[in-house]
Amino acid sequence: LVLSLAWLGPALGDEDKDEEVVEEEEKEKKEDEVLSDEIKEEDNVLVLHEHNFARALSEHQLLLVEFYAPWCGHCQQLAPAFAQAATELRNESSPARLGKVDATAQTALATEFGITSYPTLKLFRDGNRTHPLAYTGRMDSQGIVRWMQRRVGPSATLLQDTDTAAAFVTSQDLVVVGFFKDLRGEAAQAFFEVAAEMVDMTFGVAEAAELFQAYGLSADTVCLFKKFDERQTNFPVDPARGLDTAELTQLLRVHSLQLVMEFTNETSNQIFGAKIPHHMLLFLNKSSSEQLSLRDGFRAAAGGFRGQVLFVVVDVTGHGADVLPFFGMTPADAPTLRLVKMENNRKYQMEQDNFSDSAIRSFIQAVLDGKVKPHLLSAEPPEDWDTRPVKVLVGKTFEQVAFDETKNVFVKFYAPWCPHCQAMEAAWEELAERYKDREDIVIAEMDSTANELENITIHGFPTLHYFPAGPGRKMVEYKSTRDVETFSKFLDNGGTLPVEPPVTKTPGNSTGKEDSSAPGADESRDEL
């Protein structure tokens, strides 16, 4: 630009020369700002770069830093919550502060801290930059604030006597108290670690002998106090094994839930966050007193499966109406029961609904023992399913088409609401048109929200699978660019892409992906 302006200067006149000077001055001013160790703020978030990073660490005891990319959708989604959390912490005069680094511009910092996806959040404590702690909280303002607050002070409140303990235990619907003979011992330290991570629960700790006696304890024990179901649940510390943080975390997650949960907007995070492997669902219409009475038998069956099966009541006319299509149901199907294996979303159904507690227990045990086959959804095949270039498959017809040994079958598994599926629809139609006269190639699609397969689990949309001709029931997942030319290369090469010459990386883009664990998941695919 400078060379061009110099060459054109005589023709452009003095006005353009002035613009060039101003531009250069602004550029130099920006460079001076970057080189300075001054720390600027945007919405109470510290704006950090390689020249002020050390100063920020030295001035702030606890500093949570977001490494982001300006183009990253997940980062843009997080920005308002991150700023709100920064403001809340600032307003309460907390020693914890939040900062951000544009990792695409500050490549030295990105390399130093191993940033490979966006956004990545790391906590720096007491100026130590060699061992930052990975952020493990929720990606919302309240989650960030609570996570930071737990690291500012003690993660558990010290209970000194019976009066303070009694007040603490009844202060909320659910509290956790660790009773330890030695608060400096390994078991107590493990308990403090759990308390620091589980920010959605309130933790206390006790060492006094009178408190052990008051709560009927003789050895180190973690107690969960609740105002529902069983009022006190004890988890004794194994003297030989000590206290395992992962095991205690899962126990607290499981036992903090009500024995029977109701599926609502407020409880959905708890239900799915507990990571219980099976969910037993009772679908009913809460406006019907007859259907509401079915909860008694359902609850009676629940006690024996705690931790293994989570019992959930779903109101088909309330919040649960939104999940009915996932089960191929309508409100008229209530009352009914379904068991879901969370690992692969397999659904199990009684041959005929029986709502007695004994029948429910027997059914669940049979599923756990592998004696019941999953109930698979399937739409009816359209009359014209094979007349268009793109063949329309359903659960009932999938096997005969996809595993036809004389055909190479390329299938798009999609959801009607998925914008990424909609975006590639034209390319898929064009591909089918291109190969419609090939007897050995079939281009097909299947709506995975209405159809399920026994041995293939679809985790996100769109998913593309290639089923080559010949014996062996082989399947290849296509993971490359979704355009007609790349699809064609894949098909013409027998289900693999030809090896391309290596592409030289553009400087400054060595870390370049979004974090698939962040809210929104893969930007090019909608996760289930």
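Taking an unreviewed UniProt entry as the reference, the protein chain is identified by name as protein disulfide-isomerase belonging to Lanius ludovicianus. According to the UniProt record, the Subcellular location (unreviewed entry) comment for the protein chain reads "Endoplasmic reticulum lumen". UniProt's Sequence similarities (unreviewed entry) comment on the protein chain is quoted here verbatim: "Belongs to the protein disulfide isomerase family."

Asks: Give me the pairing of strand S11 (residues 221–226): which residues, what numbers.
Replies: Taken across its 6 residues, S11 has 6 buried, putting it largely inside the fold. Of the two faces of S11, the one holding Thr221, Cys223 and Phe225 and the one holding Val222, Leu224 and Lys226 are both buried throughout. Sheet topology places strand S9 (residues 174–179) next to S11; 6 bridges connect them, and they run antiparallel. Looking at S11, one finds that valine 176 is bridged to leucine 224. Both S11 and strand S12 (residues 232–236) contribute to a ladder of 5 bridges, which runs antiparallel. By the bridge assignment, valine 222 is partnered in S12 with phenylalanine 235. Where S11 folds back on S12, the antiparallel hairpin that results is connected by 5 residues, among which aspartate 229 adopts a positive phi of roughly 50°.

Asks: Account for the pattern of salt bridges, with residues named and values stated.
Replies: Here the structure, examined in full by the defined rule, presents 27 salt bridges. Of the charged contacts, one joins glutamate 41 and arginine 90 as a salt bridge, the two residues approaching to 2.9 Å between their closest N and O atoms. Taken as a pair, glutamate 41 in strand S1 (residues 40–42) and arginine 90 in helix H4 (residues 73–91) lie far apart in primary sequence, 49 residues in all. Linking aspartate 229 and arginine 299 is a salt bridge whose minimum nitrogen-to-oxygen distance equals 2.7 Å. Of the two residues, aspartate 229 is situated in the loop between S11 and S12 and arginine 299 in helix H13 (residues 295–302); the sequence distance between them amounts to 70 residues. Look at arginine 299 and you get partly exposed, because its relative accessible area is 38%. Salt bridges here are not isolated pairs; linked through shared partners, they connect Lys226, Asp229, Glu230, Arg299 and Arg306.

Asks: An account of helix H6 (residues 141–152) is requested, with residue identities and associated values reported.
Replies: Along its 12 residues, H6 runs 17 Å from first to last C-alpha, staying within 8% of the 16 Å computed at 1.5 Å per residue. Along H6, the residues that are buried comprise Ser141, Gly143, Ile144, Val145, Trp147, Met148, Arg150 and Arg151. The backbone nitrogen of glutamine 142 has a side-chain oxygen 3.2 Å away, supplied by the residue at the start of H6, namely aspartate 140.

Asks: Before we move on, can you summarise the environment of alanine 188 with the specific residues and values?
Replies: Tracing the backbone shows alanine 188 in helix H8 (residues 186–197). In this structure, the C-alpha to C-alpha distance between alanine 188 and glycine 242, residues 54 residues apart in sequence, is 9.7 Å. Contact partners of alanine 188, with chain neighbours within four places excluded, come to Phe180, Asp182 and Leu183.

Asks: Just give me the short version of the side chain of arginine 151, but keep the residues and values in it.
Replies: Looking at the element boundaries, arginine 151 is found in helix H6. With relative accessibility at 6%, the residue arginine 151 sits in the buried group. With residues up to four places along the chain from it excluded, the contact list for arginine 151 reads Leu62, Leu123, Arg125, Leu133, Ala196 and Glu197.

Asks: Residue-level account of the nonpolar core, with values.
Replies: With 23 residues, the main nonpolar core has Val176, Phe180, Phe191, Phe203, Val222, Leu243 and Leu252 as its most contacted residues. It is H8 that contributes the most residues to this core, 6 residues altogether. Contact partners of valine 176, with chain neighbours within four places excluded, come to Phe168, Phe191, Met201, Thr202, Phe203, Gly204, Val222, Cys223, Leu224 and Leu252. With 21 residues, the next largest nonpolar core counts Leu46, Ala56, Phe67 and Cys75 among its residues.

Reading the values: the criteria
Residues numbered from 1 in each chain as written. Predicted model: local features only at pLDDT ≥ 70, side-chain atom pairs only at ≥ 80, totals over all residues. Heavy atoms only, no water. UniProt positions renumbered as here; feature names shortened; annotations may be inferred. Buried < 20%, exposed > 50% of the residue type's maximum accessible area, 1.4 Å probe, protein only. Helix = DSSP H or I, 4+ residues; strand = E, 2+ residues; numbered from the N terminus. Pairing = 2+ DSSP bridges. Salt bridge = Lys/Arg side-chain N within 4 Å of Asp/Glu carboxyl O. Expected span 1.5 Å × (residues − 1). Polar contact = N/O pair within 3.5 Å; in protein donor to acceptor, adjacent residues only side chain to side chain. Contact = heavy atoms within 4.5 Å. Core = buried A, V, L, I, M, F, W, Y, C linked by side-chain atoms within 4.5 Å.

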